[in-house]
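# Structure at a glance
Chain by chain, the residues:
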Amino acid sequence: MNLGQQLNETTQPMPTAAGQYLTFILAGTEYGVDILRVQEIKGWDTATEIPNTPEYIRGIINLRGTIVPIVDLRRRFHMDAVAYGNTAVVVVLKVKRAGGERTMGFVVDAVSDVYNVTVDQIKAAPDFGTSVSTEFVKGLATVGDKMVILLEIDQLVDTGVATAEKALPIKADLKRRGDT
Amino acid sequence: MPVDLSQFHQTFFEESFEGLGVMESGLLALIPGNADPESINTLFRVAHSIKGGSSMFGFTAITEFTHVMETLLEKLRSDECTVTQGIVDCLLQAVDFLQNMLSGVKDGSGHDADRGGRLREQLEEILENGNRGRVTASSVPKKTEAADAGHAARGWHIKFRPYRHLLTTGNDPLPMLRELSLLGDLDVSIDVSRLPRYQDLDPEACFLGWDLMLHGAIPRTQVAEIFEWVESDCDLEITPIDGNTSQANAGLSGEVVPIQPEDPAPHASRFSAPATGPAPSAVEAYSVVERRKNPSAGDASSIRVNIEKIDALINIVGELVITQSMLSQIGEDLAASKIDKLRDGLIQLARNTRELQESVLGIRMLPISFSFNRFPRLVRDMSQQLCKKIDLTVSGEQTEIDKTVLEKLSDPLVHLVRNSLDHGIELPEVRKACGKDETGRVHLHAYHQGGTIVIEVADDGAGLNKAKILQAAREQGVIGEHEALAEDRIHELIFQPGFSTADTITDISGRGVGMDVVRRNIKDLGGSIEIESEEGLGSTFTIRLPLTLAILDGQLVRIGRHIYSIPLVSIVESLQVAPKCVSRITGKGEIYKLRADYLPIIRLYEVFNVVPDSERIESGILVVVEDDGQRAGIYIDELLAQQQVVIKSLETNYTRVPGISGATILGDGTVALILDVPGVVELSRNFVPVGFRPDTHEAVVRAA
C-alpha cells in the first residue's frame, strides 16, 4: 500500500483526497470520484420519473430488486441537457448520509479511466465561477496534461436530497394553513 | 468455566420467554381447589427449566427466584398444598417479575430487587402456611432449601463424593477445587475411606472424596455452578456453615470425616441437573431460523418457524431445481420441435415460482394466537380491578397473519379490549337490572376474508351511548350545536383525537387518547376499523387488515407514458366520465356527480405534473377512491391490469415523496410507483400548478 504510506507520512491538509479515482466525462470535462465508492457501472436505460422532485432527479430504476434513484449530473450542475447517446452510463455510487449509506446512480456522458492520484497532484479548487459550484468539488487533480475535477460525492447528493426533503415541511405548512 | 456459554444465551431467553407464556396460560387455567395435576406438572417443568438454564448461565438472581417458585409448585404437585386463588395470583405476579428479570438480564438493565424480595417473601409465606398442619417431615427440607437458596454469610460446607467412574466422564476434581479456591478461602480435607487395598486399586477409578469448607459470603449458585457438570456422577451436599455447626467444626479442625462408602445419599443432588438445559418438551416443535447476530437487538429480527413450513420450502426449491435443469437442457440445443416442451417447462417454472413466493411469505405468517394469548390475563386482572364479571371467549386464533402486522396490531387490540371491559361491560348489578346475565361476555374472533384478515372484538355490554357522544361532541366543539348526524357518523366521533365521554378518568381509560391512535395505527397497516353498536346490547369493533405488508393488490393505471399502481383496497369503482355530470366550482376545482354523491375530481397529471394523453375529461377514466370516508375521483388515461405487487421502499435510497407510498417492479423489469391515496388527495387540495420549486412554495406560504 504505497498510497497508504504516503498518506500517513505527509501532513497535507487533504490527506484523504489521494487515492484511486474513477473518472467520467460530462460536457467535455473529466470528473473523478473515489473508486471505493463505486458499486458498479451500468448502461443507461430509462428511469421511472418521480412526480414533484427536483429536475435533476431523473427517476428511479430497478437495480436487482432494489429501488435506486438516478441523478442527472448534467442537470445537477446546471448544464444543458442533451439526449444521452450510447456511451451514456449510470455510475452507481455508495453515498454516505446522516442516517446511513445510500445507493444512488449518476448518469454521465461516458466513463473515462481510473487514475492513481497522489496528494501533491491535488490542488484546492479556486472559485472559478464555472457552471460547477465549488461546494461539490474536493479539488483539482493534474494527471498528465489533463485536469480532473475531483467530486465530493456526499456533498453533491446531500445538498440535493436535502432540498427535496426541505420541501416537505413547507408543504405541510401549506396544508395546515389551507385547512384553517 | 472453560466453555463459552454466552452463545447459548439467546436460546435460553427465547425458550424462557416462551416458557413464561406457557406458565401464564397454565396458571390462568388452574381452577382453585380443583387443579389438574398435569397442568401443575407443566408449570413445574417450566419453572425447573428456567431455573436450570439460569443457573447454568450464572444468572443467580433468576435461579434463586425460580427456586422458590419451583419449591411452591413442587408442594402443589405433591398435594401437600392445595391451589388457592391467592397462590395463583402470587404465582402470576412471580411470572411477571420473572419476565421482568429476564428482560433485565437480556438488555442489561437489571431489575427491581425490592419487588423481587417482596414477592419472594410472599411465596415463602405461602410455603410456610401451606406446610402448617401438614406432615412435619416436609417442613424440614423446606427450611434448608430456603436457607440454601440465599447467601450463606459465613460460607459453605461441601461434601463431595465422586462416583468411581467420574474420571471416565472426562471430569477431573482438581480443577474444580482450584476453581472453588478462587471464590474464597478453602479448607480441604480428603476422605480416603473408600480407598481399596493396593492390589485392588484401579488407576482409572476415583476412590477419593472431599470435604470442603468454603469461607465467605458466596452465593450458593456460584458454588453449585462449579459442580454442575459432574452432579450426576457424584454425591454432593452443599450446606451453609452456620446451618450445621458440628460438621463445620469437624471440617475446620482438619479431621477426616468417616464416611460409609455405601451411603446412597439419594437426596444429595438436590439442585437437580441443570446441565440438561431448558427442556423443549413444553414447547411446540419449532426450528429456529435467522438466528440474530446481535443478541441485544430487538425481537423483530428473529422469527420462529414451524418445521413443516421449512420442509415444504425445501421441497419447492427441489422442484425448482428440476425445472431449471429441464429448461437448460432444452436451451442447449433448441429446435422448433421443442417449443412445446419449452412452453411446458415455462409453465412449470411459473408454478414453482408462485409456490415459492407463497411459502416464503408463509414463513412470516404467525397464528394470531400470539396476540390473543395475552388477553385472558388482561381480562382477568382488569375484571378484578373493575369489580366486573367478564368471560372472554376466543375463536379463530389459528388464523395466520404477517409477523409485522401482528406486532403492530397488539397495541390497538389491547386498547379495544380494555375499552370493551371498561366502557362496554356494565357492573353486575346494572346488568342484572337490565335483565342480562351478570357475567359480561367479550369475544375475540379472527378469520380470513379474501385477501384480508378480519378481527372482531365484540362485547354484550352497554353499547355506544349516542346521546352522550353527541352531547360530548357538542360540548367539545367537535360538531355544531344543532348539527344532526347519521348513526354511523356518531360512532365515527369516538375516533376524534381527544374525544372522551368518560365521566371519570381512570387509569384504565377515559383520557380521550386512544381510539384515534387505534385508528391511525390500523390505517398505517393499510387496514380499516368499523363499529357496529346497539345501545344496551353491545358493540362490535371490526378490524380489517391486509394479510401482509409486503404485497399489495394494485390496479395499474396509465397517464401518458407513466404507469402507477393504485392499491385496490382504496378503489371503490372506476367509470367512464359522463361530461354532463362534471361541474366546475370556481376556486374549488371540478366536481363529479356520481349518483347521489358529489366527488371532487383529481386530475392526477396536474398533481404530478406529467403529460397526459388527453386533458378532455370524457376521454379518460375516473377511478373513485375512498379514504377515511371521503371519496374522490382520480382522473387517469387508461386502466391496465390488476396485479399483485411487491412493495419496495423509496426511502431506502432516496426520500419520502408526497403522494407516493412506494415503488414496485413490473413484469418487464421497469419500476412503477404506488400511489398513496390519502397523500394524493392532500396534494390536490394544496395543488400549486407549477413544477417543483421550493421558492415558489415559500412565496405561496407567505402569501397565504
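Predicted, not measured: the structure shown is a model, and the values here were computed from it.

Moving on to the overall build of chain B. When you go through chain B residue by residue, the secondary structure sums to 21 helices and 26 strands. Looking at chain B as a whole, 30% of its 704 residues are labelled buried. Sequence-distant contacts, at least 24 apart, represent 69% of the contacts inside chain B between residues at least 6 apart.

Helices and strands together make up the secondary structure of chain A, namely 3 helices and 11 strands. Its helices and strands taken in sequence order, chain A reads α-β-β-β-β-β-α-β-β-β-β-β-β-α from the N to the C terminus. Scored against the burial criterion, the 180 residues of chain A give a buried share of 34%. Looking at chain A alone, contacts between residues at least 24 apart form 55% of all its contacts between residues at least 6 apart.

Next up on the list: the environment of B:I479. Residue and element names in this part refer to chain B. Structurally, the position occupied by I479 is in the loop between α16 (466–475) and α17 (487–492). A C-alpha to C-alpha distance of 9.1 Å links I479 and L493, two positions 14 residues apart in sequence. Among residues more than four places away in sequence, those in contact with I479 are A473, R474 and L485.

The biggest cluster of nonpolar side chains holds 73 residues, and the ones touching the most others in it are A:I60, A:F106, A:L151, B:I602, B:L604 and B:I634. Apart from the residues lying within four places of it in its own chain, the contact partners of B:I634 are B:I602, B:L604, B:V623, B:V625 and B:V680.

All names here are of chain B. With 82% of its residues at a pLDDT of 70 or more, chain B shows a mean pLDDT of 76. Per-element confidence in chain B is highest for strand β17 (residues 562–567), whose mean pLDDT is 91, and lowest for strand β7 (residues 286–289), whose mean pLDDT is 33. Ignoring residues within four places in sequence, the model shows residues 131–150, a span with pLDDT below 50, making 20 contacts including any to other chains. Confidence estimates for the predicted assembly give a pTM of 0.50 and an ipTM of 0.74.

Turning our eyes to something else, we now look at helix α13 (residues 375–386) of chain B. The first and last C-alpha atoms of α13(B) sit 16 Å apart over 12 residues, in line with the 16 Å expected at 1.5 Å per residue. The positive-phi residue at the C-terminal boundary of α13(B) is B:C387, with phi of around 55°.

The next point concerns the sheet that holds strand β6 (residues 234–240) of chain B. Residue and element names in this part refer to chain B. Pairing in this open sheet of 4 strands is antiparallel, and the strands run β3-β4-β2-β6 from one edge to the other. Every other strand in the sheet has two partners, leaving β3 (185–191) and β6 as the edge strands with one partner each. Looking at each pair of strands side by side, their axes are set apart by 15° on average, direction ignored. The pairing of strand β2 (residues 155–162) with β6 spans 7 bridges and is antiparallel. Bridge pairing in β6 places I158 opposite I238.

Right, let's get into the pairing of strand β20 (residues 589–594) of chain B. Residues and elements named next belong to chain B. Bridging between strand β19 (residues 582–585) and β20 involves 4 bridges; their strand directions are antiparallel. Across the sheet, S583 pairs through a bridge with I591, a residue of β20. Across 4 bridges, the pairing between β20 and strand β21 (residues 597–603) is antiparallel. Opposite K593, over in β21, you have Y598 as the bridge partner. From the end of β20 to the start of β21, which pair antiparallel, there are 2 residues, and R595 there has a positive phi angle of about 50°.

The subject of this paragraph is the environment of B:S410. With respect to the helices and strands, the residue B:S410 is situated in helix α14 (residues 403–424). Along the primary structure B:S410 and B:I368 are separated by 42 residues, whereas in three dimensions their C-alpha atoms are 9.8 Å apart.

What follows is about the sheet that holds strand β10 (residues 137–143) of chain A. Residues and elements named next belong to chain A. Read from one edge to the other, the open sheet built from 6 strands follows the order β8-β1-β2-β11-β10-β9, with strand pairing classed as mixed. Strands with a single pairing partner mark the edges of an open sheet, and in this sheet they are β8 (110–117) and β9 (122–123). As paired strands, strand β1 (residues 19–26) and β8 are joined by 7 bridges and run antiparallel to one another. Bridge pairing in β8 places I25 opposite A110.

Take unusual backbone geometry next. Within the chain, A:N52 stands out as a residue other than glycine whose phi angle is a positive 55°. With respect to the element layout, A:N52 can be found in the loop between β3 (38–43) and β4 (57–63). You can call A:N52 partly exposed: it has 19 C-beta atoms within 10 Å. At B:R595, a residue that is not glycine, the phi angle is positive and equals roughly 50°. Mapped onto the fold, B:R595 is located in the loop between β20 and β21. What makes B:R595 exposed here is the crowd of 6 C-beta atoms within 10 Å.

This brings us to the packing of helix α10 (residues 307–332) of chain B against helix α11 (residues 339–363) of chain B. Residue and element names in this part refer to chain B. It is the contact of α10 with α11, at a shortest axis distance of 9 Å, that shows an interaxial angle of 160°. The angle between the axes of α10 and α11 places the two elements in the roughly antiparallel class. Of the two elements, α10 crosses α11, and the hand of that crossing is left-handed. Packed against α10, whose contacting residues are K309, A312, L313, I316, E319, L320, T323, M326, L327 and I330, the element α11 presents K341, L342, G345, Q348, L349, N352, E355, L356, S359, V360, G362 and I363 at the interface. Split by residue class, the contact of α10 with α11 holds 12 nonpolar, 6 polar and 4 charged.

All names here are of chain B. Relative to each other, helix α1 (residues 9–29) and helix α4 (residues 85–107) sit at 165°, their axes nearing to 10 Å. Our classification of the angle between α1 and α4 gives roughly antiparallel. Here the hand of the crossing between α1 and α4 comes out left-handed. Of the residues in α4, those in contact with F13, S16, F17, L20, M23, E24 and L27 of α1 are V88, L91, L92, V95, L98, Q99, L102 and K106. Split into classes, the residues belonging to the contact of α1 with α4 amount to 11 nonpolar, 2 polar and 2 charged.

The next point concerns α14(B). Spacing of three or four residues puts side chains on the same side of an α-helix, whose turn is 3.6 residues. Residue and element names in this part refer to chain B. Taking 1.5 Å of rise per residue, the 22 residues of α14 would be expected to cover 32 Å, and the 29 Å separating its terminal C-alpha atoms lies within 8% of that figure. Largest kink in α14: about 35°, centred on L409, with the proline P412 one to four residues after it. Along α14, the residues classified as buried are V405, L406, L409, P412, L413, L416, V417, N419, S420, L421, H423 and G424.

So, on to the confidence of the model for chain A. The predicted coordinates of low-pLDDT regions are not to be read in fine detail. Residue and element names in this part refer to chain A. Looking at chain A, the pLDDT average stands at 74 and 72% of residues meet or exceed 70. In the model, residues 1–15 has pLDDT below 50 throughout and makes 14 contacts with residues more than four positions away in sequence or in other chains. The low-confidence segment residues 162–180 (pLDDT under 50) makes 31 contacts with residues lying over four places distant or belonging to another chain.

Basis of the calculations
Residues numbered from 1 in each chain as written. Chains lettered and ligands numbered in written order. Predicted model: local features only at pLDDT ≥ 70, side-chain atom pairs only at ≥ 80, totals over all residues. Helix = DSSP H or I, 4+ residues; strand = E, 2+ residues; numbered from the N terminus. Buried ≥ 20, exposed ≤ 12 C-beta atoms within 10 Å, placed from the backbone. Contact = placed C-beta atoms within 7 Å. Core = buried A, V, L, I, M, F, W, Y, C linked by C-beta atoms within 7 Å. pLDDT = per-residue confidence, 0-100. Expected span 1.5 Å × (residues − 1). Pairing = 2+ DSSP bridges. Axes fitted to C-alpha atoms, helices over the stretch in contact; angles between N-to-C directions. Parallel < 35°, antiparallel > 145°, perpendicular 65-115°, else oblique. Left-handed = near helix turned anticlockwise from the far one by under 90°. Nonpolar A, V, L, I, M, F, W, Y, C, P; charged D, E, K, R; others polar. Bend = angle between axes of the 7 residues up to and from the residue.

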